[in-house]
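Listed here are the chains, written in short residue letters.
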Amino acid sequence: MKIYLIKSIKEHFSIKLFVVFGLIAFIISCFFTGIFLFHQSNQLNDANLKKGLFQVKALAHNARIGVFAENKELLDAPVEAISHEDEVLEILVFNIDGKLLKEYRKQERDTGNRVKRQGDIIEKDVLTKIRDAMGPVYFEDRNGFDFWAPILSTSSYAVPASHGLEDILKPADNRLIGYAMVKVGKDILNRQRKELLITNLILLIIFLTASFFASYFVAKGMAKPLNRLMDGANAISKGLAAEKISVKTRDEVGLLAEAFNNMADALRIRENELMAVNRKLMEQHEQRKILSKRLIDLLEKDREQVAMELHDHVGQVLTSLKINLEIIQGQVGSYNPELENKIIESKDRAIQAIRDIKDISRGLKPSVLSTLGLVSSIKELLSDFEMSTGMDVNFFTHNIPSMLSKEKELAIYRITQEAMNNIVKHTHATTVHVNLVMKDHKIALSIEDNGTGFDPEKIMENTHGQSPFGLLIMQERAEQLNGEFRIESETEKGTYVSVEIPV
Ligand SMILES: Nc1ncnc2c1ncn2[C@@H]1O[C@H](COP(=O)(O)OP(=O)(O)OP(=O)(O)O)[C@@H](O)[C@H]1O
Ligand SMILES: [Mg+2]
């Protein structure tokens, strides 16, 4: 849950904003509620103290006659009046000697008086404090407040209800004749404090809820254009056309949206241009493919033509020359051994030429393919190379289907032939490994030699559009059949040619 929350905050700008705004609102709300609560609580306390002090002053003022006259009945009225106040728990009136003249207790329970009285004795520190102040004082404990006031012989209280009580005592005119005490409980004060706390908490909750809602909508509103920008960017990255983003504000987000729209327009134009170029390239590629196919077809046709000419004409001429030489040999006989030897030598040369022509025509037009099939034709081709060059040629074949298209058979045969020709022409290889296997629905041919090697990249770069053509035509033959041609070579480490043609 925690991880999910952190992830959401990290991934969603709106949630981040909401959390930040929410936190700020929370801190501000708590701060001001705290200050407000503190202030109100102080005010409540002050009002409570003011009231208590006023009550005890009023009591002292009214008790003056009763104390002075030492007439307890005269004290009844002021005590009675103050005792009606809810929070008043205890009222005491003493004369100057500390004798208790009047006592009122709301409940018969321990009032927890801080000022312990033994009989009619008032504690010393109370007396000292009252005498020092010559005015009302108070003591606070956990249950409430004890408000004390001196009872003075002359009344200086102009009107008890007036609040200028602090200035009324004129010590010179006054004589201390007694003490009045009003004990006020804390229950009501605590209840008021509690109510204050609850009201503040409710206000805090209402304010927080409102702030959270406001934060949510503000955060969402701020993140909306950014989300739209993100959707647009995602659409572009997926290759889709991005819709125009409308942000009405002229702030940074608005400017960003405008920049994004301009970028999307520029991209669209660039994409259209690229597509046009691509179409053109594709057309050119197709044309090139058609051309190279025609080139290869023409090459094959030419080779076939030359093979036929060699076989039918030159071959015929050589055969008739050989027959004629045999006839001449028969007629010259042993009459002229020297001439006979010359004739035999010429006949042998004609026979050799006939063989050579046969070999050349076979190379030019591999008719063996249609009679022997691909694997046997390649076997024969390789053994011819082995015999004529003395190289060690190893052939491995596996799983080649007998029913391959003529085009594929011819391509594979020609590639092998050209690779072998290159080995003979350009390397001093001693061993060649030829593999012809079927794997993953592809015919895979590889020819590996241990010759001098070369830099294929350099050669391929230079050969484009110029002779020599061998490697280029190998590649074209493979690509015509949707195959792949690969050549790896390193100087002094040999060459590896590989072709894969899908079946
Ligand atoms: N097996 C190989 N070992 C070393 N070098 C090679 C090999 N095959 C090709 N080459 C190098 O690559 C070059 C290009 O080969 P490519 O077959 O295209 O042309 P060529 O054999 O020179 O001429 P062509 O094949 O047109 O008669 C060669 O000239 C040779 O330098
Ligand atoms: Mg070549």
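### Describing the sheet that holds strand β4 (residues 144–152)
One open sheet accounts for 5 strands, arranged β2-β1-β5-β4-β3; its pairing is antiparallel. Single-partner strands in this sheet number two, and they are β2 (100–105) and β3 (137–140). Neighbouring strand axes in the sheet, compared pairwise and without regard to direction, differ in orientation by 15° on average. Pairing analysis gives 7 bridges linking strand β1 (residues 88–95) to strand β5 (residues 176–185), with the strands arranged antiparallel. Bridge pairing in β5 places Ile91 opposite Val182. Most of the contacts of helix α3 (residues 73–83) go to β1, to which it runs at about 155°, and overall it touches β1, β2 and β5.

### Focus: a positive patch on the surface
Among the surface-exposed residues, Lys220, Lys224, Arg228 and Lys248 lie close enough to one another that they form a single positively charged patch. Within the fold, Lys248 resides in the loop between α5 (187–237) and α6 (252–332). Using a relative accessible area of 77% as the deciding quantity, one classes Lys248 as exposed.

### A few points about the coordination of the magnesium ion (ligand 2)
Donor atoms from the polypeptide that bind the magnesium ion (ligand 2) are Glu418 (OE) and Asn422 (OD1), placed at 2.0 Å. One end of the pair, Glu418, and the other, Asn422, are both in helix α10 (residues 406–426), 4 residues apart, so they sit about a helical turn from each other.

### Side note on the confidence of the model for the protein
On average, residues of the protein carry a pLDDT of 84, and 90% of them reach 70 or more. Ranking the elements of the protein by mean pLDDT puts helix α1 (residues 2–11) last with 73 and strand β8 (residues 442–449) first with 96. Confidence drops under a pLDDT of 50 for residues 113–119, and excluding neighbours within four residues, the segment shows 23 contacts in the predicted structure. Contacts from residues 157–172, a stretch scored under 50 in pLDDT, to residues over four places away or in other chains number 19 contacts.

### Looking at the packing of α5 against α6
Direction vectors running N to C along α5 and α6 enclose 15°, while the axes themselves pass 10 Å from each other. When the axis of α5 is compared with that of α6, the two are roughly parallel. Viewed along their axes, α5 and α6 form a crossing whose handedness is left-handed. Residues Pro225, Leu226, Leu229, Gly232, Ala233 and Ile236 of α5 pack against Val253, Leu256, Ala257, Phe260, Met263, Ala264 and Leu267 of α6.

### So, the pairing of β2
Across 5 bridges, β1 lies against β2 in antiparallel orientation. Residue pairing in the sheet places Glu90 in a bridge with Arg105 of β2.

### Some points on the pattern of salt bridges
Tallied over the full model, the rule gives 20 salt bridges. Across the pair Lys51 and Glu85 runs a salt bridge, and its minimum N-O distance is 3.3 Å. Of this pair, Lys51 sits in helix α2 (residues 13–68) while Glu85 sits in the loop between α3 and β1, and the two are 34 residues apart along the sequence. Residue Lys51 is classed as partly exposed on the basis of its relative accessible area of 35%. Lys186 serves as the salt-bridge partner of Glu140, at 2.8 Å between the closest nitrogen and oxygen. Separated by 46 residues along the polypeptide, Glu140 in strand β3 and Lys186 in the loop between β5 and α5 bring together distant segments of the chain. Residue class for Glu140 comes out partly exposed when judged on its relative accessible area of 41%.

### Things to note about the packing of α10 against helix α12 (residues 470–480)
Remark: α10 packs on α12, axes separated minimally by 10 Å, with the N-to-C direction vectors making an angle of 160°. Classified by the angle their axes make, α10 and α12 are roughly antiparallel. Remark: the crossing between α10 and α12 carries left-handed chirality. Of the residues in α12, those touching α10 at Ala411, Arg414, Ile415, Glu418, Ala419 and Asn422 are Gly470, Leu471, Met474, Arg477 and Ala478. Counted by class, the contact of α10 with α12 contains 6 nonpolar, 2 polar and 3 charged residues.

Here is what the cut-offs are and how they apply
Positions within a chain are numbered from 1, following the residues in the order the chain's sequence is written. Whichever chain is written first becomes A and whichever ligand is written first becomes 1, with later ones labelled in order. In view of the model being predicted, local features appear only for residues whose pLDDT reaches at least 70, and side-chain atom pairs are presented and counted only at 80 or more, with totals across whole chains, interfaces and linings using the full set of residues. With hydrogens and water stripped out, all remaining heavy atoms of the structure feed into the side-chain values. Two strands are counted as paired when DSSP detects at least two bridges linking them. Helix numbering and strand numbering both begin at the N terminus, where a helix is a DSSP run of H or I of at least 4 residues and a strand a DSSP run of E of at least 2. Axis geometry follows a simple rule: fit a line to the C-alpha atoms, using only the stretch in contact for helices, then measure angles between N-to-C directions, giving values from 0 to 180 degrees. We call two residues in contact whenever any of their non-hydrogen atoms come within 4.5 Å of each other. In this scheme, patches are assembled from residues that exceed 30% relative accessible area and form no salt bridge. Like charges are connected within 9 Å, while nonpolar side chains (Val, Leu, Ile, Met, Phe, Trp, Tyr) are connected within 5 Å. Using a 1.4 Å probe, the Shrake-Rupley method yields the accessible areas, and only the shown protein chains count as cover for residues. Salt bridge, as used here, is a side-chain nitrogen of Lys or Arg placed within 4 Å of a carboxyl oxygen of Asp or Glu. Only four residue types enter the tally: Lys and Arg on the positive side, Asp and Glu on the negative side; His and the chain ends are excluded. Here the site of a charge means NZ on Lys, CZ on Arg, CG on Asp, or CD on Glu. The classification of residues rests on relative accessible area computed with a 1.4 Å probe and restricted to protein chains. Under 20% of the type maximum is buried, over 50% is exposed, and intermediate values are partly exposed. Atoms are scored as donors when they are N, O or S and lie within 2.8 Å of the metal, with 3.2 Å used for Na, K and Ca; no water is included, so coordination may look incomplete. Every residue carries a pLDDT, the predictor's confidence in it, which falls somewhere between 0 and 100. An angle below 35 degrees is read as roughly parallel, one above 145 as roughly antiparallel, one from 65 to 115 as roughly perpendicular, and any other as oblique. Throughout, a crossing is termed right-handed when the near helix is turned clockwise from the far one, and left-handed when it is turned anticlockwise from it by less than a right angle. For this classification, Asp, Glu, Lys and Arg are treated as charged, while Ala, Val, Leu, Ile, Met, Phe, Trp, Tyr, Cys and Pro are nonpolar and the rest, including Gly, are polar.

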